[in-house]
Amino acid sequence: MYYIDPHIHMVSRTTDDYETLARMGCAALSEPAFWAGFDRGSVDGFRDYFRQLTEVEPKRAAAVGIQHYTWLCINAKEAENVELSRDVIAMIPEFLDRPNVLGIGEIGLNKNTRNESIVFLEHVEFAVRHEQQILIHTPHLEDKYMGTRMILDMLIDDSRVDRSRVLVDHVEEHTVRPVLEAGFWAGMTLYPVTKCTPARAADIIEMYGPERLMVNSAGDWGPSKPTAVPDFIMEMRRRGHSHALIRRVVYENPLEFFGQSAHFQFAPPDVPEAATV
Amino acid sequence: MPVPMTAPKVLDREFFEIRAKLLEIAASFDRLDRGAGTVEGDPRMSLIREALDVLRSDEPDRAEAIQMIFSRQYAADWRKSLKVVPPKG
Ligand SMILES: [Zn+2]
C-alpha cells in the first residue's frame, strides 16, 4: 500500500532509511523545520538549514523515488530567543517560492512560556499574511494538554485563520477531541515506546473515525522509528480494518490536506501498488 | 465507526500482552521497595496510585483519564498571567 508520511525529519535519517521507506511504499513525505539537537547561534544557521530542506533533502528523496515537501519556521524550543526568532521569520521569504515548500511549521509551544507564545503568534501572523498553510507542534508529556489548549486559544482568537489549512500534530487521547471539534486537522505521532503507539493510534481512529486524522513517524533525533506508519498499517490490518479506511488515513487524507498548498504537485507513483507491503 | 474485532477476540490477542505489562509494573514497584530510601510523599507516587485506580474502574476512556492525571491543568487565564496580547484578527 502506498502511504505519505506527513511529519518526518529526514535530515536526521540515513540514506538507508530513505531506501527502506521507499521499499515500504512511502510515496511522499513532508518535513517540518525543527530543533537540530542543539540551539543554532545565528540566522545564518537557519538559512543553511532551509537550504538543506529545500535543496539537499529533495534530491536524496528523489534518488529513491520519494517526493519531498517541507515547512519552514523557527521551532518552539529555539523560539525562547525572541530576537533570533524575529530574524529567522524575516528571512523566510527568501525560501517561500521554493517548489517543495508547503507552509509554515512546525510552530508551536514546548514549555508553554510567554516567549514561545509571542513567537507562535508572530509566525501565525506571517502565515496569514502570506496565505501559507500551518503545521503545529504540540508539547509533550505533562505540558501537552495545557499547551494544546493555549495553541487552540490563539488560533481560534484569530478569525483570519482558515482552520481547514492547519494541521495540529502530536495529538493523543486527551487532546484529539478539542482539535477536531474546532475544525483543525490532527496528526498522531507514533513513537516506539514513550508516546503514542501504533495500537493507540488505531484506537483513536476507531473512536473518532478517519476524518481529518493522519499518522506520522516524526523520525527525529530521539528514539523514533521512521517506518512507524507501516507499523500502523499492519496494526489496522491485523484488526480487520478495510483497505479503504487505512488508505484514507495514510494516503488520501495527506493528499487532501497538502493539496490546499499551491506547491503540492504530487504525482502518484507509476509502480503498481501491489509491489509494496 | 464499526470496530471489526469482538471483545473475546481482543482478549485472545492481548491477554499475554496485558499480563506482561502488569508484571512489568509489579516488578517496578518491587524494585522501588528494595531500593534504599523512600519515595513515600513524592507527588509522582500519588499520580501513579490515581492512575491505578482508573485501571480498576469500569468507566470508559481510561487512556484519556490517565493522560489527564499526568497533565498540568489548563488555566483559562493564561494570557493574563503570561501577559500575552491576543492579535487583532
Ligand atoms: Zn517534528
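Everything discussed here concerns the structure shown above.
Residues numbered from 1 in each chain as written. Chains lettered and ligands numbered in written order. Predicted model: local features only at pLDDT ≥ 70, side-chain atom pairs only at ≥ 80, totals over all residues. Heavy atoms only, no water.

(A) Structural context of the overall build of chain A. Helix and strand counts for chain A stand at 9 helices and 8 strands. When the backbone C-alpha atoms are referred to their principal axes, chain A occupies close to 50 × 40 × 30 Å. Considering only intrachain contacts with a sequence separation of at least 6, the fraction spanning at least 24 residues in chain A is 75%. Approximately 10,300 Å² of chain A is accessible, and the part contributed by carbon and sulfur atoms is 52%. (Helix = DSSP H or I, 4+ residues; strand = E, 2+ residues; numbered from the N terminus. Contact = heavy atoms within 4.5 Å. Areas by Shrake-Rupley, 256 points an atom, 1.4 Å probe, with all protein chains shown as cover.)

(B) Expanded view of the coordination of the zinc ion. All names here are of chain A. Looking at the metal site, the zinc ion is ligated by His7 (NE2), His9 (NE2) and Glu106 (OE), spaced 2.0 to 2.1 Å from it. Sequence spacing of the donors to the zinc ion: H-x1-H-x96-E. Each of the two residues, His7 as well as His9, counts as buried. (Donors = N, O, S within 2.8 Å, 3.2 Å for Na, K, Ca; no water. Buried < 20%, exposed > 50% of the residue type's maximum accessible area, 1.4 Å probe, protein only.)

(C) Molecular detail of the packing of helix H8 (residues 228-238) of chain A against helix H9 (residues 243-258) of chain A. Residues and elements named next belong to chain A. Following both chains from N to C, one finds H8 and H9 inclined at 160°, their axes separated by 10 Å at the closest point. With respect to each other, H8 and H9 are oriented roughly antiparallel. Seen along the crossing, H8 lies across H9 with a hand that is right-handed. Where H8 abuts H9, its residues Val229, Phe232, Ile233, Met236 and Arg237 lie against Leu245, Ile246, Val249 and Val250. In terms of residue class, the contact of H8 with H9 is built from 8 nonpolar, no polar and 1 charged. (Axes fitted to C-alpha atoms, helices over the stretch in contact; angles between N-to-C directions. Parallel < 35°, antiparallel > 145°, perpendicular 65-115°, else oblique. Left-handed = near helix turned anticlockwise from the far one by under 90°. Nonpolar A, V, L, I, M, F, W, Y, C, P; charged D, E, K, R; others polar.)

(D) Representation of the pairing of strand S2 (residues 26-32) of chain A. Residues and elements named next belong to chain A. For S2, the tally of buried residues reaches 7 of 7 residues, placing the bulk of the element in the interior. With 3 bridges connecting them, strand S1 (residues 3-5) and S2 associate as parallel partners. Of the residues in S2, the one forming a bridge with Ile4 is Ala28. The β-α-β motif built from S1, the intervening helix H1 (residues 15-23) and the parallel element S2 has right-handed crossover chirality. Pairing of S2 with strand S3 (residues 67-72) involves 5 bridges; the strand directions are parallel. (Pairing = 2+ DSSP bridges. Right-handed = clockwise from strand over helix to strand, strands pointing away.)

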